[in-house]
Amino acid sequence: MEGYIGGGFIAYICLALTCPSLTVFTRVFLVLTRMLGDAMQSVWKRSLNIKDAGTIFGSHGGMLDRFDAHMV
């Protein structure tokens with residue numbers, strides 16, 4: 001749970017710094033959809049019994065783990 005809270009906080013701060021024209025609602029929406037995409041891929045991988053989706057990034061879990069937040 002700490003990872004989601006900390007990651008969401010950092011993502012919000014990064015959005016605020018890099019895209020100051022976005023509204024607070026839009027930033028929160030983007031952070032929450034990122035978290036939903038991450039959770040969706042985790043459920044999908046667990047249902048298929050896939051721990052690592054590839055070996056391109058070595059111990060980082062593969063290509064799908066790099067882009068899971070973009071699923072939504």
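The structure we're discussing is the one just above.
Since this is a predicted model, take the numbers as computed values, not measurements.

Take the packing of helix α1 (residues 2-18) against helix α2 (residues 24-47) next. For the pair α1 and α2, interaxial distance at closest approach is 10 Å and the crossing angle is 140°. In terms of axis orientation, α1 runs oblique to α2. Crossing geometry of α1 relative to α2 is assigned as right-handed. Mapping the contact onto sequence places Tyr4, Gly7, Gly8, Ala11, Tyr12, Leu15 and Ala16 in α1 and Val24, Arg27, Val28, Leu30, Val31, Arg34, Met35, Asp38 and Ala39 in α2. Of the residues assigned to the contact of α1 with α2, the class counts are 11 nonpolar, 2 polar and 3 charged.

Rules and cut-offs
- In this convention, every chain numbers its residues from 1, walking through the sequence in written order.
- Where totals are concerned, whole chains, interfaces and linings use all residues; where local detail is concerned, this predicted model gives features only for residues with pLDDT of at least 70, and gives and counts side-chain atom pairs only at 80 or more.
- Based on all heavy atoms of the structure, the side-chain values leave hydrogens and waters out of the count.
- Axis lines are fitted to C-alpha atoms, over the contacting stretch for helices. Their N-to-C directions set the angle, which ranges from 0 to 180 degrees.
- Secondary structure follows DSSP: runs of H or I at least 4 residues long count as helices, runs of E at least 2 residues long count as strands, and numbering of each begins at the N terminus.
- Roughly parallel here means an angle under 35 degrees, roughly antiparallel means over 145, roughly perpendicular means 65 to 115, and every remaining angle is called oblique.
- Note: crossing handedness is left-handed where the near helix turns anticlockwise from the far helix by less than a right angle, and right-handed where it turns clockwise.
- The contact criterion used throughout is that any non-hydrogen atoms of two residues lie within 4.5 Å.
- Classification convention: Asp, Glu, Lys, Arg as charged; Ala, Val, Leu, Ile, Met, Phe, Trp, Tyr, Cys, Pro as nonpolar; all other residues, Gly among them, as polar.

Function cannot be read off these values alone, since they describe shape.
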